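Chain by chain, the residues:
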Amino acid sequence: MRILIIDNDVDLCRSMQAQLRAEGHRVDFVHTGADGMLRLASDSPDILFLDLYLPDTTGLRLLKQIQDMKCDTIIIMITGVQDAKATIESIQSGAFDYIRKPFDLDTVLLVIEKAARHIKNRRAVTGKEGIPISPLENPYEIVGSDERIIDVLKTIARLSENRVAVLITGESGTGKELVARTLHNASSPLQPFVAVNCSAVVPTLLESELFGHEKGAYTGADSARMGKLELAGEGILFLDEIGDMAQDLQAKLLRVLQEREYERVGGSKLLSFKGRVVASTNRNLLEMVSAGTFREDLYFRLAVSTIHLPALRERLEDIPALTNHILAHLNRELHKDLREIEPGALQRLKGYDWPGNVRELVNVLTRAALLTRGHLLTEHDLLDALEPPYSRPGNDDSFKTLREMEKDHIARSLQASGWNITRTAEQLGVTRVTLRKKIDDYHLTRARFMPVGRRNPIERAAYRGMEII
Ligand SMILES: Nc1ncnc2c1ncn2[C@@H]1O[C@H](COP(=O)(O)OP(=O)(O)OP(=O)(O)O)[C@@H](O)[C@H]1O
Ligand SMILES: [Mg+2]
């Protein structure tokens, strides 16, 4: 059992901790109500021993506050002989039981046993028996048993034995970067993995990012700089969102791939490129080739071998395994202790169509994990996480201005695509520039939907220390 003691008597806390630890329990203590609330919010214990007298509040008041948090923690009051009235009141307010000072270990163990029985029965009665979350085995694993995922794994294994260029395609959030990194781990883990996001930077900057530049190559180039081609060494150069690369840069890249030689911007020395190119895109490059916006010769250089990732809605059967994997990850990254997920919650996840794919699943589960207090991720927590703040009841569309409607619609589309600008712009039928302008205009920020920043906690953990621009 995980046990928390809130009592200002330091000796009592220490001795209870030592004795209960010896019985195999995990025991923490704090001495004030304020610290107690913080601790309860960050990790919810199975059992709380709560003193009636605290320096900053009363046990009774705290009890009521904790009841409002609706966590599953069982509360046992610690009372004194003269506290009969307060004791009764606390039981009426929802405390599970009480122990009277001074008490011995047996009394405490007895009440813990009673609480444990109660927890078990409560689960059986409420049907809250969840599906257990098994521990994280391999954080970098590509999870899934869909045959297309199995094929992807086989292809990665095959490609790890050679150095041909690879093009990874798939909708936003389907795991393209994960596949690129997995290929890297399988083939050249000791060499660099250098990622370049071709849609993130303006073309001229991208050129110097890729090729590097000499001192004075352009205004502001105060010193020479190595490009990503150089930094990649004999490792992998990951060209993310290659479909967004400007045409003149496509031509320059093609030359590197053909000749394996290039110069820094403003330089004349020939440098040789020894890396392996892995590119990714969520756009249909062949269509772009037909439309004349992507060079055909570059396409064939990049797509020597291709890996296509299925959308999540095409493999909903993988959702339980993915959910388990992601929650186990989040436990570690967010210091949570989720142990089970309600079957209803899993059903909800399987019933959604996931336009933002696995990335959206990670985001939803991250929000749900942050909302969850107990060890069980409930359907209720999940619904709160699935429902964006702007579409809650009471936020009635009929009273909105056109501007507000547009703002909400853009926000929703961005969220669904995991803030993929290219994809959202395509869906909304505007250019990326227009979309960016509107994002600025409406002050839309990713943080509103993703409390955890640009990358989700899983990516941040997996890609820690790896180079990215
Ligand atoms: N099969 C999978 N197993 C486990 N985790 C996955 C899987 N596919 C994707 N993920 C996770 O989903 C998130 C998004 O993956 P990734 O960044 O690789 O997608 P992407 O296709 O590059 O997305 P985007 O197009 O938005 O850049 C990451 O946290 C990644 O770890
Ligand atoms: Mg990506």
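**What about the packing of aromatic side chains?**
- In the structure shown here, the tally under the stated rule is four aromatic pairs.
- Relative to Y262, the ring of F211 lies with its centre 5.9 Å away and its plane at 65°, an arrangement referred to as edge-to-face. Taken together, the positions of F211 in helix α8 (residues 203-211) and Y262 in strand β12 (residues 261-262) put the pair 51 residues apart, joining distant regions of the chain.
- The exposure class of F211 is buried, given its relative accessible area of 5%.
- Residue Y262 is classed as buried on the basis of its relative accessible area of 1%.
- Here K114 stacks its cationic end above the ring of F96, 5.6 Å away from the centre of that ring.

**Thoughts on unusual backbone geometry**
- In this structure, the amide linkage connecting K101 to the following residue, P102, adopts the cis form with an omega of -10°.
- As for its placement among the helices and strands, P102 is situated in the loop between β5 (97-100) and α5 (105-126).
- The residue E241 is not glycine, and still its phi comes out positive at about 55°.
- Along the chain, the position of E241 falls in the loop between β11 (236-240) and α10 (247-259).
- Phi angles above zero are rare outside glycine, and W354 is one such case at about 50°.
- Take W354: it is sitting in the loop between α14 (343-350) and α15 (357-371).

**Examining the site of ligand 1**
- Around ligand 1 sit 21 residues, and of these V143, G173, K176, L178 and R359 come closest.
- Here E177 contributes a backbone N or O atom positioned 3.1 Å from an oxygen atom of ligand 1.
- In the model, an oxygen atom of ligand 1 is placed 2.9 Å from a nitrogen or oxygen of the L178 main chain.
- In the complex, the protein chains occlude 96% of the 630 Å² of accessible area that ligand 1 would expose alone.

**So, α10**
- For α10, which comprises 13 residues, the first-to-last C-alpha distance of 19 Å matches the rise-based estimate of 18 Å (1.5 Å per residue) to within 8%.
- Among all positions in α10, only L249, Q250, L253, L254, V256 and L257 are buried. Angularly, the buried residues of α10 cover 160° about the axis, an arc narrow enough to put them on a single face.
- On its buried face, α10 is in contact with α8, α9 (228-231), β11, β12, β14 (276-281) and α12 (296-302).

**Things to note about empty space enclosed by the protein**
- In this structure the tally under the stated criterion is one cavity of 30 Å³ or more.
- By volume, the largest cavity amounts to about 60 Å³.
- Taken together, R2, A41, S42, D43, S44, H335, K336, D337, T372, R373, G374 and H375 form the lining of the largest cavity.
- The class makeup of the residues in the lining of the largest cavity is one nonpolar, six polar and five charged.
- Looking at which domains feed residues into the lining of the largest cavity, each of domain 1 (2-126) and domain 3 (314-461) gives three or more.

**Observations regarding helix α18 (residues 421-428)**
- What α18 keeps buried is the set I421, T422, R423, T424 and A425.
- Looking at the buried positions of α18, the neighbouring elements they touch are α17 (402-416) and α19 (432-441).
- With a side-chain oxygen positioned 3.2 Å from the backbone nitrogen of T422, the residue opening α18 is N420.
- Residue G429 follows α18 closely and has a positive phi angle near 70°.

**What to know about the pairing of strand β2 (residues 26-30)**
- Bridge count for strand β1 (residues 2-6) against β2 is five bridges, and the pairing is parallel. Residue pairing in the sheet places I3 in a bridge with V27 of β2.
- Each parallel crossover has a hand, and for β1 linked through helix α1 (residues 10-22) to β2 it is right-handed.

**Describing the pattern of salt bridges**
- For the structure on display, the rule yields 25 salt bridges.
- Between K64 and E89 there is a salt bridge, with the nearest N and O atoms lying 3.7 Å from each other. Here E89 lies in helix α4 (residues 84-92) and K64 lies in helix α3 (residues 59-69), a separation of 25 residues in the sequence.
- The class for K64 is partly exposed, based on a relative accessible area of 39%.
- A salt bridge links R295 to D297, with the shortest nitrogen-to-oxygen separation between them at 2.9 Å.
- Overall, the relative accessible area of 34% leaves D297 in the partly exposed class.
- Through salt bridges with shared partners, a single ionic network connects R2, D337 and R339.

**Overview of the side chain of T73**
- Relative to the helices and strands, T73 resides in the loop between α3 and β4 (74-79).
- Of the polar contacts made by the side chain of T73, one reaches the backbone oxygen of P45; its length is 2.7 Å.
- Among all residues touching T73, those that are not within four sequence positions of it are L40, S44, P45, D46, I47 and L48.

**Structural notes on a nonpolar patch on the surface**
- Among the surface-exposed residues, V202, L205 and Y218 lie close enough to one another that they form a single nonpolar patch of about 260 Å² accessible area.
- Inspection of the secondary structure assignment puts L205 in helix α8.

**A few points about the environment of S90**
- If you trace the backbone, S90 turns up in helix α4.
- When the C-alpha positions of S90 and R61 are compared, they lie 9.3 Å apart, and in sequence the two are 29 residues distant.

**Topic: the sheet that holds strand β7 (residues 166-169)**
- Ordered in space as β8-β11-β14-β7-β15, the five strands form an open sheet in which the pairing is parallel. Each edge of the open sheet carries a strand with a single partner, namely β8 (193-197) and β15 (305-308). Averaged over all pairs of adjacent strands, the angle between their axes in this sheet comes to 20°, without regard to strand direction.

Reading the values: the criteria
- Residues numbered from 1 in each chain as written.
- Chains lettered and ligands numbered in written order.
- Predicted model: local features only at pLDDT ≥ 70, side-chain atom pairs only at ≥ 80, totals over all residues.
- Heavy atoms only, no water.
- Phe/Tyr/Trp six-rings, centres within 6.5 Å; stacked < 30°, edge-to-face > 60°.
- Helix = DSSP H or I, 4+ residues; strand = E, 2+ residues; numbered from the N terminus.
- Buried < 20%, exposed > 50% of the residue type's maximum accessible area, 1.4 Å probe, protein only.
- Lys NZ or Arg CZ within 6 Å of the ring centre and 35° of its normal.
- Near = heavy atom within 4 Å.
- Polar contact = N/O pair within 3.5 Å; in protein donor to acceptor, adjacent residues only side chain to side chain.
- Areas by Shrake-Rupley, 256 points an atom, 1.4 Å probe, with all protein chains shown as cover.
- Expected span 1.5 Å × (residues − 1).
- Arc of directions from axis to C-beta.
- Contact = heavy atoms within 4.5 Å.
- 1 Å grid on protein atoms, 1.4 Å probe; cavity = no way out; pocket = protein on both sides within 12 Å on 5 of 7 lines; lining within 4 Å.
- Points joined across faces, edges and corners; volume = space filled by probe spheres on them.
- Nonpolar A, V, L, I, M, F, W, Y, C, P; charged D, E, K, R; others polar.
- Domains from an automatic or database assignment.
- Pairing = 2+ DSSP bridges.
- Right-handed = clockwise from strand over helix to strand, strands pointing away.
- Salt bridge = Lys/Arg side-chain N within 4 Å of Asp/Glu carboxyl O.
- Patch = residues over 30% accessible without salt bridge, like charges linked within 9 Å, V, L, I, M, F, W, Y side chains within 5 Å.
- Axes fitted to C-alpha atoms, helices over the stretch in contact; angles between N-to-C directions.

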